[in-house]
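# Residue-level structure breakdown
Chain by chain, the residues:
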Amino acid sequence: MSPKLFIASLQSIFSKLNWQEKAFGIKIDNTYLNNLSFPDDIVLVAKTPQELQIMVTELRNESSKVGLKMNKNKTKSMFINTVPTNIRIDSETQRQWTVTCI
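Residues numbered from 1 in each chain as written. Predicted model: local features only at pLDDT ≥ 70, side-chain atom pairs only at ≥ 80, totals over all residues. Heavy atoms only, no water.

## Remarks on the nonpolar core
Membership of the largest hydrophobic core is limited to 10 residues, which are F6, L10, I13, F14, L17, W19, F24, M55, L59 and L68. Among the secondary structure elements, those contributing two or more residues to this core are helix 1 (3-17) and helix 2 (49-64). Broken down by element, the residue count for this core peaks at five residues, all from helix 1. If near-sequence neighbours (up to four positions away) are discounted, F14 is found in contact with W19, N35, S37, I42, L44 and L59. With five residues, the next largest nonpolar core counts L52, V56, F79 and I87 among its residues. (Core = buried A, V, L, I, M, F, W, Y, C linked by side-chain atoms within 4.5 Å. Buried < 20%, exposed > 50% of the residue type's maximum accessible area, 1.4 Å probe, protein only. Helix = DSSP H or I, 4+ residues; strand = E, 2+ residues; numbered from the N terminus. Contact = heavy atoms within 4.5 Å.)

Okay, structure coming up:
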């Protein structure tokens, strides 16, 4: 899939997720930063591991409706200043890193 088509598909998918209304992500200037999209990657930003799990599940469900699926071998979780929690896609636990900021 071309990068432009991928990003256009993602914009449609993210518009249906309503994560701004759910206050998912981190608040910056009265808006919530909950995802960063790149030509072939997505970064999800969440306040808690539980919120991240909901976001991953919702994104997987909405993406599958347009024929996109997550590459489970390339999906990773990073936790900063929190206890790592297993994030699952379907029934598989994803590899994770923990970063502690002082």
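## Considering unusual backbone geometry
Even without being glycine, N18 reaches a positive phi, approximately 55 degrees. Along the polypeptide, N18 turns up in the loop between helix 1 and strand 1 (26-28). A relative accessible area of 37% places N18 in the partly exposed class. Positioned with a positive phi, D29 is a non-glycine residue whose angle comes to about 50 degrees. As for its position among the elements, D29 is in the loop between strand 1 and strand 2 (31-33). Residue class for D29 comes out exposed when judged on its relative accessible area of 75%.

## Quick look at the environment of M55
Tracing the sequence through the fold places M55 in helix 2. Sequence separation of M55 and L17 is 38 residues, and the distance between their C-alpha atoms is 8.7 Å. Each residue touching M55, except ones within four places of it in the same chain, is listed here: W19, F24, N34, L44, V45 and A46.

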